[in-house]
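Structure at a glance
In case you want the letters, here they are:
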Amino acid sequence: MTWSVYGSYLVVVILVVLAPGPDTVVTLKNSFAGGFRGGLLASTGVAAGHLVQGTAVAFGLGTLIVGSQPVFTTLRWLGVLYLSYLGIQAIRSAWRGDYDRLDEAGAGASGFRRLREGFLSNVTNPKVLALYLSILPQFIDPVTSTTGDTLLLAYTMAVLGTLWLVLLVVFVHRVRAWMRRRRVRRGLDVATGTTLLGFGVALAADG
């Protein structure tokens, strides 16, 4: 692994992590409902999911999962169901519009729940696994590279992705007063819910 190769990899990864996906939407959803702490916990869960998937790819398990049709299909449908569940939750919140009660419930929600949402949105998404498998081999020499090189690349993506999510959480926290307006909040819930359902449909259609 040379610095020039690693530098080229960083450019690709930055472009990848800036593209919005389910992890981004789930983190924003938890930021809207749970404030800075909620968003931070969700992004930590996403980071944990990235570490699991990146480690699996580095040790060859990712290839086995993608190569096994029953396992990959099961994982894909778990992702579809979970994203759809989160999307419906957000749309139901917008439909009810009882944000005073929801904010009280959100403030008392366990940190584990928000951590779990971030983790499951990532780890049940086989597209993340496929992303690692499509990008990492382009920067790995199968003859000279080690497992450590692969882990370095995988964890770099996890770290940069997490930093981007944390920046989004900070931004949401800065404009939270504006976002607390009922009309704005309902619009955000509809947008995040619809987007999550869209990601679920897209994941289902990939089969």
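Residues numbered from 1 in each chain as written. Predicted model: local features only at pLDDT ≥ 70, side-chain atom pairs only at ≥ 80, totals over all residues. Heavy atoms only, no water.

Structural notes on the overall build of the chain
When helices and strands are tallied, the chain shows ten helices and zero strands. The secondary structure elements of the chain, listed N-terminal to C-terminal, are α-α-α-α-α-α-α-α-α-α. The C-alpha atoms of the chain give a radius of gyration of 18 Å, which matches the 17 Å a tight globule of 207 residues would have. Taking the contacts inside the chain whose residues are at least 6 apart along the sequence as the reference set, 86% of them involve residues at least 24 apart. In the structure as shown, the chain presents an accessible area of about 10700 Å², 69% of it carried by carbon and sulfur atoms. Separation of charge centres in the chain, based on 18 positive and 10 negative side chains, amounts to 9 Å. (Helix = DSSP H or I, 4+ residues; strand = E, 2+ residues; numbered from the N terminus. Rg over C-alpha atoms; globule rule 2.2 N^0.38 Å. Contact = heavy atoms within 4.5 Å. Areas by Shrake-Rupley, 256 points an atom, 1.4 Å probe, with all protein chains shown as cover. Lys, Arg positive; Asp, Glu negative; His and termini not counted. Charge placed at Lys NZ, Arg CZ, Asp CG, Glu CD.)

Digging into helix α1 (residues 3-18)
Every α-helix carries 3.6 residues per turn, so stepping three or four residues along brings you back to the same face. In this model α1 runs 22 Å from its N-terminal to its C-terminal C-alpha over 16 residues, within 8% of the 22 Å that 1.5 Å per residue would give. For α1, the complete set of buried residues consists of Y6, Y9, V13 and V17. Buried positions in α1, seen along its axis, are confined to an arc of 65° and lie on one side of it. Of the exposed residues in α1, the ones pointing more than 90 degrees away from its buried face are S4, V11 and L15. Buried residues belonging to α1 abut α7 (126-135) and α8 (147-174). (Expected span 1.5 Å × (residues − 1). Buried < 20%, exposed > 50% of the residue type's maximum accessible area, 1.4 Å probe, protein only. Arc of directions from axis to C-beta.)

Describing the side chain of K29
Turning to its location among the elements, K29 is positioned in helix α2 (residues 22-58). Judged by relative accessible area, K29 falls into the buried class, the value being 11%. Residues in contact with K29, not counting those within four places in the same chain, are L86, Q89, A90, E117 and L196.

A short note on the layout of surface pockets
Taken as a whole, the largest pocket encloses approximately 460 Å³ of empty space. Contributing to the lining of the largest pocket are 22 residues, with A19, G21, D23, V128 and L131 lying nearest its centre. Listing elements by their share of the lining of the largest pocket, those giving two or more residues are α1, α2, α7, α8 and α10 (182-205). Taken together, the residues of the lining of the largest pocket sort by class into 14 nonpolar, six polar and two charged. (1 Å grid on protein atoms, 1.4 Å probe; cavity = no way out; pocket = protein on both sides within 12 Å on 5 of 7 lines; lining within 4 Å. Points joined across faces, edges and corners; volume = space filled by probe spheres on them. Nonpolar A, V, L, I, M, F, W, Y, C, P; charged D, E, K, R; others polar.)

Some thoughts on the side chain of T156
Relative to the helices and strands, T156 is located in helix α8. The class for T156 is buried, based on a relative accessible area of 8%. Residues contacting T156, with those up to four places away along its chain left out, are Y6, Y9 and L10.

Details of the packing of aromatic side chains
As enumerated under the stated definition, the model contains four aromatic pairs in all. Taken together, a centroid distance of 6.2 Å and an interplanar angle of 80° make the contact between W3 and Y6 edge-to-face. Within this pair, W3 and its partner Y6 are both found in helix α1, separated by three residues, close to a single helical turn. By relative accessible area, which is 75% here, W3 ends up exposed. Grouped by ring-pair contacts, the aromatic residues W3, Y6, Y9 and F139 constitute a single cluster. (Phe/Tyr/Trp six-rings, centres within 6.5 Å; stacked < 30°, edge-to-face > 60°.)

Some thoughts on the confidence of the model for the chain
When the pLDDT values of the chain are averaged, the result is 86; 91% of them are 70 or greater. Within the chain, no element has a lower average pLDDT than helix α5 (residues 99-108), which sits at 55, and none a higher one than α8, at 92. (pLDDT = per-residue confidence, 0-100.)

Observations concerning the nonpolar core
Counting 16 residues, the largest nonpolar core has Y9, Y132, L136, L153 and M157 as the members making the most contacts within it. Apart from residues no more than four positions distant in its own chain, L136 is found in contact with Y9, V57, T150, L153, A154 and M157. Counting residues in hydrophobic clusters, the runner-up holds eight residues, among them V25, V26, Y82 and L83. (Core = buried A, V, L, I, M, F, W, Y, C linked by side-chain atoms within 4.5 Å.)

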